[in-house]
Amino acid sequence: MAVCIAVIAKENYPLYIRSLPTQNELKFHYTVHTSLDVVEEKISAVGKSVGDQRELYLGLLYPTEDYKVYGYVTNSKVKFVIVVDSSNTSLRDNEIRSMFRKLHNSFTDVMCNPFHNPGDTIQSKTFDGIVSGMMVPPG
């Protein structure tokens, strides 16, 4: 499962970042923000292709020694980044896709809330619960 999940706005500021364990939170913030360059590269490369059939799932952005970073972009250019522990080899690509799909559906529910101002940080308990379900249990 994920060790860090982030939702980044169109303008590249964080709407939501959650990481476990919390003592590495700054490291995960750095990892998420460095992945944005790769996300922008992939978006611009896809935009130049014929037909512009955009796949929302960007796949593996980059692996590090300890983690693998995956990306996903919505049609409104909101970016989702999931950081997974590299030692977890049982996690397949289709499972990562389903995590992003679940995250996107939950994000859509947050945006449809009439009391949520678009652009504000996400403070929904339901969204937080769904993200918690995707995180690695501390242990």
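Residues numbered from 1 in each chain as written. Predicted model: local features only at pLDDT ≥ 70, side-chain atom pairs only at ≥ 80, totals over all residues. Heavy atoms only, no water.

1. Some remarks on the sheet that holds strand β3 (residues 57-63)
So, point 1. Pairing in this open sheet of five strands is antiparallel, and the strands run β2-β1-β5-β4-β3 from one edge to the other. Sheet topology places β2 (14-19) and β3 at the edges, where each strand pairs with a single neighbour. Between one strand and the next, the sheet's axes are offset by a mean angle of 15°, whatever the strand orientation.
So, point 2. Relative to strand β4 (residues 67-73), β3 runs antiparallel, the two being bridged by five bridges. (Pairing = 2+ DSSP bridges. Helix = DSSP H or I, 4+ residues; strand = E, 2+ residues; numbered from the N terminus. Axes fitted to C-alpha atoms, helices over the stretch in contact; angles between N-to-C directions.)

2. Focus: unusual backbone geometry
So, point 1. A cis amide bond links L20 with the next residue in sequence, P21, at an omega value of -5°.
So, point 2. With respect to the secondary-structure elements, P21 resides in the loop between β2 and α1 (25-47).
So, point 3. Not every positive phi belongs to a glycine, and N12 is a case in point at roughly 65°.
So, point 4. By relative accessible area, N12 is classed as partly exposed at 31%.
So, point 5. Even without being a glycine, K77 presents a positive backbone phi close to 70°. (Buried < 20%, exposed > 50% of the residue type's maximum accessible area, 1.4 Å probe, protein only.)

3. Some points on the packing of aromatic side chains
So, point 1. Enumeration according to the criterion identifies six aromatic pairs in this entry.
So, point 2. Ring centres of Y72 and F80 lie 5.7 Å apart, and the angle between their planes is 15°; this geometry places the pair in the stacked category. In this pair, the class of Y72 matches that of F80, namely buried.
So, point 3. Taking 5.3 Å as the distance between ring centres and 10° as the angle between the ring planes, the aromatic pair formed by Y72 and F100 counts as stacked. Taken together, the residues span a long stretch of sequence, with Y72 in strand β4 and F100 in helix α2 (residues 93-111) at a distance of 28 residues. The exposure classification of Y72 matches that of F100, with both residues buried. (Phe/Tyr/Trp six-rings, centres within 6.5 Å; stacked < 30°, edge-to-face > 60°.)

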